[in-house]
Amino acid sequence: MAPQQLMANAIRALAMDAVQQANSGHPGAPMGMADMAVALWGDHLQHNPKNPHWANRDRFVLSNGHASMLIYSVLHLTGYKLSIEEIKNFRQLHSQTAGHPEVGVTPGVETTTGPLGQGITNAVGMALAEKMLATEFNRPGHNVVDHHTYVFLGDGCLMEGISHEAVALAGAWKLHKLIALYDDNGISIDGQVTPWFIDNTPQRFAACGWNVIDGVDGHDAAAVSQAIAAAKRSAHNGSSGPTLIVCKTAIGKGSPNRAGTSKAHGEPLGAEEIQLTRQALGWPHAPFKIPQEVYALWDAKAAGQAREAAWNQAFAAYKTAHPALAKEFVRRMKGELPKHFNQVAFDTVVTAHTKAETVASRKASQIALEAFTAAVPEMLGGSADLTGSNLTNTKSTPAFRVDLAGDVVKTEGGQIGRHINYGVREFGMAAIMNGVALHGGYIPYGGTFLTFSDYSRNAIRMAALMKLRVVHVFTHDSIGLGEDGPTHQSIEHVASLRLIPGLDVWRPADTAETAVAWAVALQNRQRPSALCLSRQNLAYAPKADLGDISRGAYVLAEPSEVGMAKTHGVIIATGSEVQLALAAQKLLAERKIGVRVVSMPCTSVFDRQSVDYKQSVLPAGLPRVAVEMGSTDGWWKYGCAAVVGIDTYGESAPAPVLFKHFGFTAENVADTVHAALLKA
């Protein structure tokens, strides 16, 4: 049997055996894509199994993540630290071989995939990061950033709408080192896709500026390898776009009775069919038994170490020629902030406090960004066609552009653009930011209206699951946006985002809180953040101390500040409603009722504080009332006696009219607190 056929059959055997043992999984896709994997991993992929984090490795993304046994098989066979015992533990508790690939769990896995369409979009982000870093750091004779991004994807990825967003942007950005291999098998869970998927995929990609290599036999590893080589040659032409290689395959290749059918997609083949498949493939070996000759064919350890050693030598020469650039590159790829970051953050917050400006918190965000983007060159901003509303651009972040030759445009000062116009593509933006963060070298942030976080939501969830440092800037955070009405007015969105584990949701009340939110978000190396910001102006809330803002909640105003000696209750408020709480505190003082005002810009950060601190902010025995222009459900966990919120959709009218209509007035807050105290 030819060596490439042996290599492919090893994948097929491991895939069908692991799925059978787990009695769960998807054997068909890995069996169908096995020859494609042999071509890519055997002939082209630049990687080192001994160091999965080598900076200049090619990135490989399995967008159709249900085919996880493909990547697990290849990682095991090429020499990554993924044992045959882990293959046997496929889909079992705490194994390294989860049902879908997870970054940080399995060495060699670059991103968590499973939600279809997001893998190809992550790959676009990775390829974008490679292109930008190459422009920033490479110098004549020193190409220290020079690698490809490869992605396998299937029909399901192409049916998901996010793929349209990603494919269009990849073409617009001329990401010539992005190479996608399409597993064109025509089968999904429900069967033959032709009744519901009739897209002309090659023409669609070509229309978006991609090179397309069509009609490749996906079961001919040599033909696939030649197509990849052609795509790489075209990548040397900078004006070229990314490349799609259309590989015609049969799902479940090798299975006599299930190949080419939906039965091979998402269930074990069964013991009898596996035995027949072994005979058809000429694979006489026992389950999970791989002959040493096959391991030797796949083994990439020595070649990988040689590749990395050559790059290390090249980087040493680069370091000698450009020491400052080399030091900066290492810092950024490690994900470390500049040494002076803490001082910049301190100065930014103190300046905000000193100036005490009355501005919308979206403007407060831009003010903070002016300082942070100037000091942190890896910050890469953007907006989904709302730059003038989200205020995500700064003097340090000119627009990112690619010229007709495919080169990243530089300013007169030699800087690349650091603010991306994503177009009306919220979901694509969010998943591309995940890919940028996964690649390393940049800290991505992007803006849209809070209401449209619904479009981005699954990518936000994936960022939290993957523990990525990405920042979402969500403006127009409430009925305070006014006349645009209920389609644009966020009600449930803040509460909904707070339900995502691992996501910090900030709703700052003024310039100082906004600056702190940005500082904490940038310092969170393993946690995404969402900043929910107002359209309307917010007065600065005077505060005696800035130190506790970063703890998520703090005592903003004691009753003594309005002439009251005793504390009868606590008002908890966020964002624009902090001003309502302060005004209500004064009204209650006139009724001889003393209340403490607590600003809680981030509930999750506060929840992670010590019990002692939380009790110092929210003392036991004092009735609590929360005030926030949004869904009330999440506030009851703080033991509130009442919540001033909104559990209906908004209305179209000027903001002041809406505030009065929905009860967001100082008088109503004071009355609500008074009534709660009477019941206590």
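As a starting point, this report considers the structure included with it. In this text the structure is predicted, and so the values were computed from the model without any measurement.

## Comments concerning the sheet that holds strand β19 (residues 624–627)
Strand pairs in the sheet, formed through backbone hydrogen bonds, run parallel or antiparallel to each other.
Then, number 1: Spatial strand order, β16-β18-β17-β19-β20: five strands in an open sheet with mixed pairing. Lying at the two open borders of the sheet, with one neighbouring strand each, are β16 (554–557) and β20 (640–644). Pairs of neighbouring strands in the sheet enclose a mean axial angle of 30 degrees, with direction left out of account.
Then, number 2: With four bridges joining them, β19 and β20 adopt parallel strand pairing. Bridged to Val627 within β20 is Val644.

## Examining the state of the cysteines
Then, number 1: This model, assessed by the stated rule, comprises zero disulfides.
Then, number 2: Free of any disulfide, Cys602 has its nearest neighbouring cysteine sulfur in Cys532, separated by 9.6 Å.

## Section: empty space enclosed by the protein
Then, number 1: A full pass over the atoms with the stated rule returns four cavities of 30 Å³ or more.
Then, number 2: A volume near 80 Å³ is recorded for the largest cavity.
Then, number 3: Lining the largest cavity we find 13 residues, and of these His47, Asp58, Tyr80, Gly108 and Glu110 sit closest to its centre.
Then, number 4: Its residues placed into classes, the lining of the largest cavity shows six nonpolar, four polar and three charged.
Then, number 5: Of the volumes computed, that of the second largest cavity is approximately 60 Å³.

## Considering the sheet that holds strand β10 (residues 419–421)
Then, number 1: Within the open sheet, the six strands sit side by side as β10-β9-β11-β12-β14-β13. Their pairing is parallel. One side of each edge strand has no neighbouring strand; the edge strands of this open sheet are β10 and β13 (504–506). The sheet shows a mean angle of 20 degrees between the axes of neighbouring strands, direction not considered.
Then, number 2: Judged from the three bridges that link them, strand β9 (residues 379–383) and strand β11 (residues 443–449) form a sheet pairing that is parallel. When the sheet's bridge partners are listed, Leu380 is paired in β11 with Pro444.

## Some remarks on helix α20 (residues 511–523)
Then, number 1: Counted at 1.5 Å a residue, the expected span for α20 with its 13 residues is 18 Å, and the 19 Å between its end C-alpha atoms agrees.
Then, number 2: All of the buried residues in α20 are Thr511, Ala512, Glu513, Thr514, Ala515, Val516, Ala517, Trp518, Ala519, Val520, Ala521 and Leu522.
Then, number 3: The N-cap residue of α20 is Asp510: its side-chain oxygen and the backbone nitrogen of Ala512 are 3.3 Å apart.

Rules and cut-offs
Residues numbered from 1 in each chain as written. Predicted model: local features only at pLDDT ≥ 70, side-chain atom pairs only at ≥ 80, totals over all residues. Heavy atoms only, no water. Pairing = 2+ DSSP bridges. Helix = DSSP H or I, 4+ residues; strand = E, 2+ residues; numbered from the N terminus. Axes fitted to C-alpha atoms, helices over the stretch in contact; angles between N-to-C directions. Disulfide = S-S within 2.5 Å. 1 Å grid on protein atoms, 1.4 Å probe; cavity = no way out; pocket = protein on both sides within 12 Å on 5 of 7 lines; lining within 4 Å. Points joined across faces, edges and corners; volume = space filled by probe spheres on them. Nonpolar A, V, L, I, M, F, W, Y, C, P; charged D, E, K, R; others polar. Expected span 1.5 Å × (residues − 1). Buried < 20%, exposed > 50% of the residue type's maximum accessible area, 1.4 Å probe, protein only. Polar contact = N/O pair within 3.5 Å; in protein donor to acceptor, adjacent residues only side chain to side chain.

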